[in-house]
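Examining the three-dimensional arrangement
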Amino acid sequence: MRTCILLCLLVLIFGLSSFAQVTISGTVIEKSTQSPLEYATVVLKTEKDSAFVQGTVTNTEGRYSLPNVKPGSYLLLVTYLGYEQVLQPLFVGSLSNFLEVPALEIAEVSTSLEGVEITAKQDEVGGKLDKKTFNLEDNFSQSGGSVLQAMQNLPGVTVQDGKVQLRGNDRVAVLIDGKQTALTGFGSQTGLDNIPASNIERIEIINNPSAKFDANGNAGIINIIYKKNKKEGFNGKVGLAGGLGALWVRQANLPDIRPQYVRTPKVNPSVSLNYRKNKVNAFIQADYLYTETLNKNEFVTRYYDDGTIIQQQSKRNRNTHFLTSKAGFDYQINDHNMLTISGLYGMEKIIDRGDEPFFNENLTQRLRLWQFLEDELKTTVVATASFQHKFREPGHYFNTGFNYTYHRENEKYFFDNILPTFTGHDAFKLISDENVADFNFDYVRPLKYGRVEGGVKFRRRIIPTDMLFIPGLNSALDTNAGGWATYKETIPAVYGNYVYESKKVEAEVGLRVEYVGLRYEVNPGHNTYSSGGYNYTQPFPNVRLAWKINDRHKLSVFFNRRVDRPNEVDIRIFPKYDDAEIIKVGNPNLRPQFTNSVELGYKTTWEGGYFYSAAYHRFANGTITRISSTVPGSTLIYAIFQNVNKSYNTGLEVVFSQDVSKIFSFNLNGNVYRNQIDSFTVVNLYPITHTFSAPTQEIWSGNARLNGTFHFPHQWDVQFSAIYLAPDLIPQGTMQARYSLNLGVKKTLQKGNGELFLNANDLLNTLVIRQRIQGDGFYYTSQNYYETQVVRVGYSYKL
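Keep in mind that what you see is a predicted model, and the values were worked out from it rather than measured. (Residues numbered from 1 in each chain as written. Predicted model: local features only at pLDDT ≥ 70, side-chain atom pairs only at ≥ 80, totals over all residues. Heavy atoms only, no water.)

1. Notes on the pairing of strand E38 (residues 716–725)
- Pairing of strand E37 (residues 697–712) with E38 involves 10 bridges; the strand directions are antiparallel. Note that in E38 the partner of Phe-712 across the bridge is Trp-716.
- Taken together, E37 and the strand that follows it, E38, pair antiparallel across an intervening segment of three residues, in which His-714 is found at a positive phi of about 65°.
- Here 10 bridges tie E38 to strand E41 (residues 738–749), and the two strands are oriented antiparallel to one another. The residue of E41 that forms the bridge with Ser-721 is Asn-742. (Pairing = 2+ DSSP bridges. Helix = DSSP H or I, 4+ residues; strand = E, 2+ residues; numbered from the N terminus.)

Structure, rendered in structure tokens:
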């Protein structure tokens, strides 16, 4: 069956048309002497009607350059006084920004040259066929919020439990300006809901990364690009946004706990400045985001095989201060060499006040009240230095760079454990210092029919962590599971990539080889886990083949092999007590998950619109998922990461986009997929050794999104986004359907320099997370009425 699915999938594929602009370059030489000709005239004309496009003359080296050429078929005319003119057919592809034409020979006598076909590669939407780019200025229904909120409207993206999913999969690597940082996570994604989006220029979604990217993240890559203006002189943008969330109570609290947050304030000032003069381009961006949020409001009913039923609520009121700033400069040493130095600072202060009451089935008896205060400070510092050398031929260059990241996590928890017979006061303190050093070297050279690129990368990552438990009376804390642990990771990698393009065929073939050595050192006094680790050397190939039927239709096929390495927090040995009776613990015996994927699809374009479809299939070995189980004699649930059996994700994504008129345009995106996890048996070591088994799980799911924009007179714009998420498979259970409506209004002011916006996220307050989890000897249902409704207003001005 799986073989049939793969064979069927290999019949389709997706393609994206390009509107990229290309720089054409080459040399003109005298045929008999092979010496360069200065002042030869080079003219580019369209092949269809010989219309003039642009022209230039050669320099002292016989070299010419024609910038900003759109993909298509052209004629290249070379003339020189006293010499035979040369008229050369020229195909400009869409897979490169730079095309190097083989040397054109010109002679005093009649000369015939064979046709030259030039390949290209474009690293933008539609050219490379694996990337979609979205400018956040066009997404004003989410202006003034976080990066996570800004992504909710993007086609092919869904948000679940604070994480981004691509095609129903949250194994996504998130980059900032092309690099992994501690702000967004070096392994699994983190922190996206607290990063302000006001200084983000665009977001790139890469479903099929090439070999030049790190191999982790089987669902793909999301690249967040900060604003960086290169206009001459002084320029920039300032803005201020504010809002309110959780406008009314959707679900009342259980008895006798503190009130839940209502009408929560949000404030987001931002500034982006740039100064360019002569050889120096200096830039600085800064954001501050303050939010109060009803971060969690989950109602859980647990059912045990012995007839016990427990009702509980998990409520968390959160105050967050988040500051990010980035500054640096580009120094153009000369025409061929440039140095860039930049730094990034991030500070995240979180105060959580939580209440967890536990009742019997009919709420007549309170069994327990667990209250906590979390005081967490995260500090991130990133320093980057890079150097680029450009050779004479446009597009021929190398980059080398060094990136250092320091990230401190300082977390303090204070608990009140209130039972009918006593009250206990417990606490713990966690310190984690992450140090990451990255070095990279990348080389790119255009060829006659494409380009080659290659490079090396080296990473060293060390994270010492220390957990101090401070128990009180009749403490519920497992004090013997604390102490210190140190995570050490070394990853050298080498890659190569080749791109080919002709008028009808495109191909990209790459290979990345990575060695990973991981050592996790655990203090000898830990009651369950001991030191260990793993290492491997693995190839990660990628292949893309495309057939351009004509200018408006394209078919393509992809193959990728990728890996999801367990992150440090996934293997962290310390139990987490933000839920008193559903305890989350890491697993240092976790191993990487390897995934193979194929994708096929089709795209057709017409004036004002396009239709895109992609069929995809992923199959993973050693799937990483969190397993919830109990141990004999206890109703506590322990949620621990494990490598289970194989898993599969098969689906079809379609996008239909149309400019209906000058007033209205829309984008309709749908995604239908089947998720399956094979039956498995695992052994959990914490808190005592116990075995858990689960049958095969499978479900058909999907999502649909309709985005529409109205452009009214006097520079008024209105945007809406309607989202539906079908029931889906989660570890050991299912999640019910969800839906929401987002709305935004924008007014352009002050001759285009000013912008005023008003928007509402989850306008109707309908987005509720409902789940059912099946364990061994129990099951539970939950409904999470966390804050999703937010109304914002803001203003920005371009300097």
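2. Structural notes on the environment of Arg-202
- With respect to the secondary-structure elements, Arg-202 resides in strand E13 (residues 200–206).
- Taking the C-alpha atoms as reference, Arg-202 lies 7.2 Å from Tyr-226; in sequence the two are 24 residues apart.
- Setting aside residues up to four positions removed in sequence, Arg-202 forms contacts with Thr-133, Phe-134, Asn-135, Leu-136, Asn-223, Ile-224 and Ile-225.
- A polar contact is formed between the side chain of Arg-202 and the side chain of Glu-201, at a distance of 3.5 Å. (Contact = heavy atoms within 4.5 Å. Polar contact = N/O pair within 3.5 Å; in protein donor to acceptor, adjacent residues only side chain to side chain.)

3. Topic: the packing of aromatic side chains
- Counted according to the given criterion, the structure contains 27 aromatic pairs.
- Seen from their ring centres, Phe-415 and Tyr-577 are 6.4 Å apart, and the 75° between their planes marks the pair as edge-to-face. Here Phe-415 is found in strand E21 (residues 397–418), whereas its partner Tyr-577 is found in the loop between helix H3 (568–571) and strand E28 (582–585), with 162 residues between them in sequence. Like Phe-415, the residue Tyr-577 is buried in the burial classification. (Phe/Tyr/Trp six-rings, centres within 6.5 Å; stacked < 30°, edge-to-face > 60°. Buried < 20%, exposed > 50% of the residue type's maximum accessible area, 1.4 Å probe, protein only.)

4. Concerning the side chain of Gln-697
- Within the secondary structure, Gln-697 is located in strand E37.
- You can call Gln-697 buried: its relative accessible area is 15%.
- Look past the residues within four positions of Gln-697 in its chain and what remains in contact with it is Asn-675, Gln-676, Ile-677, Leu-729, Ile-730, Pro-731, Gln-732 and Gly-733.

5. Some words on the sheet that holds strand E32 (residues 637–643)
- Strand order across the open sheet formed by three strands is E28-E32-E31, with mixed pairing between neighbours. Lying at the two open borders of the sheet, with one neighbouring strand each, are E28 and strand E31 (624–629). The sheet shows a mean angle of 30° between the axes of neighbouring strands, direction not considered.
- Inspection of the sheet shows E28 paired to E32 by four bridges, in the parallel sense. Bridge pairing links Ile-582 to Ile-637 in E32. (Axes fitted to C-alpha atoms, helices over the stretch in contact; angles between N-to-C directions.)

6. Some thoughts on the sheet that holds E13
- Across the sheet, four strands lie side by side as E9-E13-E14-E12; this open sheet has mixed pairing. Each edge of the sheet is formed by a strand with only one pairing partner; in this case those strands are strand E9 (131–135) and strand E12 (172–176). Across the sheet, the mean angle separating the axes of adjacent strands is 15° when strand polarity is ignored.

7. Comments concerning the confidence of the model for the protein chain
- When the pLDDT values of the protein chain are averaged, the result is 87; 93% of them are 70 or greater.
- In this model, residues 110–129 is a region of pLDDT below 50 whose contacts with residues beyond four sequence positions or in other chains number 98 contacts. (pLDDT = per-residue confidence, 0-100.)

8. Details of the pattern of salt bridges
- Considering all chains together, one arrives at 39 salt bridges under this definition.
- Note that Arg-167 and Glu-653 form a salt bridge whose closest N and O atoms lie 2.8 Å from each other. Residue Arg-167 is found in the loop between strand E11 (163–166) and E12, and its partner Glu-653 is found in strand E33 (residues 647–659); the two are separated by 486 residues along the sequence. Per residue, the accessibility class of Arg-167 equals that of Glu-653, and both read buried.
- With a closest N to O distance of 3.5 Å, Lys-576 and Glu-411 form a salt bridge. In this pair, Lys-576 is assigned in the loop between H3 and E28 and Glu-411 in strand E21, connecting sequence segments 165 residues apart.
- Take Glu-411: its relative accessible area is 3%, and that puts it in the buried class.
- Taken together, the salt bridges that share partners define one network made up of Asp-214, Asp-438, Lys-457, Arg-459, Arg-512, Glu-514 and Arg-565. (Salt bridge = Lys/Arg side-chain N within 4 Å of Asp/Glu carboxyl O.)

9. Things to note about the environment of Tyr-397
- Here Tyr-397 lies in strand E21.
- When residues no more than four places from it in sequence are discounted, the contact partners of Tyr-397 are Gln-388, His-389, Lys-390, Phe-391, Asp-442, Tyr-443 and Val-444.

10. A look at the pairing of strand E27 (residues 553–564)
- Pairing geometry for strand E26 (residues 532–550) and E27, over eight bridges, is antiparallel. When the bridges of E27 are listed, Ala-546 appears paired with Ser-556.
- Between E26 and E27, which pair antiparallel in sequence order, lie two residues.
- In the sheet, E27 pairs with strand E29 (residues 593–606) via 12 bridges, with the strands oriented antiparallel. From the neighbouring strand, His-553 faces E29, where its bridge partner is Thr-604.

11. Some remarks on the nonpolar core
- Formed by 51 residues in total, the largest nonpolar core has its most connected members in Phe-415, Tyr-520, Tyr-577 and Tyr-686.
- With residues up to four places along the chain from it excluded, the contact list for Tyr-686 reads Asp-478, Ala-481, Asn-527, Thr-528, Tyr-529, Pro-575, Tyr-577, Val-585, Tyr-638 and Ile-640.
- Within the second largest apolar cluster, 28 residues are counted, among which are Ala-150, Val-157, Val-172 and Leu-289. (Core = buried A, V, L, I, M, F, W, Y, C linked by side-chain atoms within 4.5 Å.)

12. Notes on unusual backbone geometry
- The peptide bond linking Tyr-686 to Pro-687 adopts the cis configuration, its omega dihedral lying at -5°.
- Positive phi outside glycine occurs at Asp-256, with the angle close to 65°.
- Here Asp-256 shows up in the loop between strand E15 (233–245) and strand E16 (264–277).
- Notably, Gln-715 is not glycine yet its phi reads approximately 60°, a positive angle.
- Looking at where Gln-715 falls in the secondary structure, it is placed in the loop between E37 and E38.
- Taking the relative accessible area as the measure of exposure, Gln-715 reaches 45% and is therefore partly exposed.

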